[in-house]
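Structural characterization, general
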Amino acid sequence: MSEKTVPFSEEQIKEIIEKYPTPFHIYDEKAIRENAKKLYKLFDWVPGGFKNYFAVKACPNPYIMDILKDEGMGADCSSLPELLLSDAVGLEGDDIFFSSNDTPADEYVKAKNLNVIINLDDISHIDYLEKNAGIPEGICFRYNPGPLKEGNVIIGKPEDAKYGFTREQLFEGYKRMKEKGVKHFGLHTMVASNELNWEYFVETAEILLDLVVELTDKLGITFDFINLGGGIGIPYKPEDEPVDLEKVSAGIKKLYEEKIEKAGLHKLKIVMESGRMVMGPYGYLVTKVLHKKETYKTFIGMDASMANLMRPALYGAYHHITVMGKENAPVEGKVDVTGSLCENNDKFAIDRELPKLVPGDILVLHDTGAHGYAMGFNYNGKLRSAELLLKEDGSVVEIRRAETVADYFATLNYPGL
Ligand SMILES: *Cc1c(COP(=O)(O)O)cnc(C)c1O
């Protein structure tokens, strides 16, 4: 069970709304920092060191990245703007990981110029990288274990996934990179998304650690790190159990001792690129009821839409809803909570049991800190919301303003707009 609470009172949120109209996403700095510290503490045993590269796509806001940098995190990027954001917050070199796929040349050029860690997704990219950007001093490859490993719901079966090298390609690829003079090597995989089973991450680590030992032995190269990828799930539903990270840490520690230390490779660093577990639970979409509609069902129409939070419509994802001031009110019945897009799947919840709702009620959608604002879009002329930061002292700052109609028309050069 995970308790679903909000980090502000009804009175506080009403004050915030007076200054910043709904809808908006608000992030809880205190909780973000506590969680980051907890993660680092759990892996402080790694002799070679531990680092999480925050997957920027989860919440691409430099003010958030500042906080995470302050807690020791780097950035995991897969596009030029994400690289530029990471550069802007002062991350450099090894603090930035470039885990892209289907990558255009200009992005490799930027990554090489910033001297970040480049994680190749395919063996054909060795030549592409060499031709367009040159061979860097260090390289990482993304491994796809194929039928060796069962995937999960979002990423699917590894052999159907578009990502990564096969096992044979890894051996060939590292050999070629060694011949080209590369000195530093890393090995990466990511085969899960939003996974709650701790064993999954230990098994993934085992695959990588075994491979590192074998590759080191066969090719005579030394690995600086393994990268376990992201994919640590969060308990979106109140009945979900969070990932038991203590078991993940203990499980990997045991394997590290058995395989890595025994082989004398204990300078090996363990890194990951979690995004969801770093930000997901610490963001909230705050939205007001505009209309209540009774037809064959009851529809609660919000001032937010799937343009502000796409996950329910995209994956049927569950986001818990708290009605401010009615936390303990009895359930009135089942309702659909909708947005205003001309798409019938623009619903935050279907048949959700909620208390009696009236226009003006404030609803808080939980767990929107990752892939919430970030997945926003402008379909139907809908504008993206503001992002706010609830600071540790209880004050609130706007870390991104809401879009305006002028922003929406900014790319058009048409008279009268
Ligand atoms: C999305 C992604 C991540 C982050 O995944 P989370 O589920 O947010 O932890 C990390 N690495 C890569 C390559 C990704 O595509």
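Here the structure is a predicted model, which is why all the values come from computation and not from measurement.

Moving on, we come to helix α1 (residues 10–19). Within the sequence span of α1, burial applies to Ile13, Ile16 and Ile17. Within α1, the buried residues cover an arc of 100° as seen down the axis, which keeps them to one side. Turned more than 90 degrees from where α1 packs its buried face, Glu11, Glu15, Glu18 and Lys19 sit exposed. Contacts made by the buried residues of α1 are with β1 (24–28), β10 (283–294), β15 (362–365), β16 (386–390) and β17 (396–400).

Lys57, Gly231, Glu273, Gly275 and Arg276 are the nearest of the 13 residues found near the ligand. A distance of 2.5 Å separates a nitrogen atom of the ligand from a polar side-chain atom of Glu273. The contact in question runs from an oxygen atom of the ligand to an N or O atom on the backbone of Gly275, over 2.9 Å. Relative to its free-state accessible area of 390 Å², the ligand is covered by the protein chains to the extent of 89%. Taken together, the residues of the shell around the ligand break down into two nonpolar, six polar and five charged.

Bringing the nonpolar core into the picture now. Among the nonpolar cores identified, the biggest contains 86 residues, and Phe43, Leu120, Tyr174 and Leu187 are the most heavily contacted of them. In terms of residues, this core owes the most to one element, helix α8 (residues 198–219), which gives 10 residues. Two domains share this core, each providing at least three of its residues, namely domain 1 (43–274) and domain 2 (281–409). Residues in contact with Tyr174, not counting those within four places in the same chain, are Phe141, Phe185, Gly186, Leu187, Leu215, Leu219, Ile221 and Phe223.

Across all of its chains, the model carries 16 aromatic pairs by this definition. With centroids separated by 5.8 Å and ring planes inclined at 75°, the aromatic side chains of Tyr174 and Phe185 adopt a geometry described as edge-to-face. With Tyr174 in helix α7 (residues 167–179) and Phe185 in strand β7 (residues 184–189), this pair connects stretches of sequence that are 11 residues apart. Phe185 sits in the buried class, given a relative accessible area of 2%. Taking the centre distance of 5.1 Å and the plane angle of 80° together, the rings of Tyr174 and Phe223 count as edge-to-face. Of this pair, Tyr174 sits in helix α7 while Phe223 sits in strand β8 (residues 223–227); the two residues are 49 residues apart in sequence, bridging distant segments of the chain. For the pair formed by Tyr174 and Phe223, the shared burial category is buried. One aromatic cluster in this structure is built from Tyr40, Phe43, Trp45, Phe50 and Tyr256.

Attention shifts here to the sheet that holds strand β3 (residues 74–77). The strand order around the closed barrel formed by eight strands is β2-β3-β4-β5-β6-β7-β8-β9, and the pairing between neighbours is parallel. For this sheet the average axis-to-axis angle between neighbouring strands, irrespective of direction, equals 25°. In this structure, β7 lies alongside β8, joined through four bridges in parallel fashion. Looking at β8, one finds that Gly186 is bridged to Phe225. Against the sheet, helix α4 (residues 80–88) contacts β3 and β4 (96–98), and its axis sits at roughly 170° relative to β3. Its contacts with the sheet place α7 against β5 (117–120), β6 (138–143), β7 and β8, and it is angled at close to 175° to β6.

Cut-offs and rules
Residues numbered from 1 in each chain as written. Predicted model: local features only at pLDDT ≥ 70, side-chain atom pairs only at ≥ 80, totals over all residues. Heavy atoms only, no water. Buried < 20%, exposed > 50% of the residue type's maximum accessible area, 1.4 Å probe, protein only. Helix = DSSP H or I, 4+ residues; strand = E, 2+ residues; numbered from the N terminus. Arc of directions from axis to C-beta. Contact = heavy atoms within 4.5 Å. Near = heavy atom within 4 Å. Polar contact = N/O pair within 3.5 Å; in protein donor to acceptor, adjacent residues only side chain to side chain. Areas by Shrake-Rupley, 256 points an atom, 1.4 Å probe, with all protein chains shown as cover. Nonpolar A, V, L, I, M, F, W, Y, C, P; charged D, E, K, R; others polar. Core = buried A, V, L, I, M, F, W, Y, C linked by side-chain atoms within 4.5 Å. Domains from an automatic or database assignment. Phe/Tyr/Trp six-rings, centres within 6.5 Å; stacked < 30°, edge-to-face > 60°. Pairing = 2+ DSSP bridges. Axes fitted to C-alpha atoms, helices over the stretch in contact; angles between N-to-C directions.

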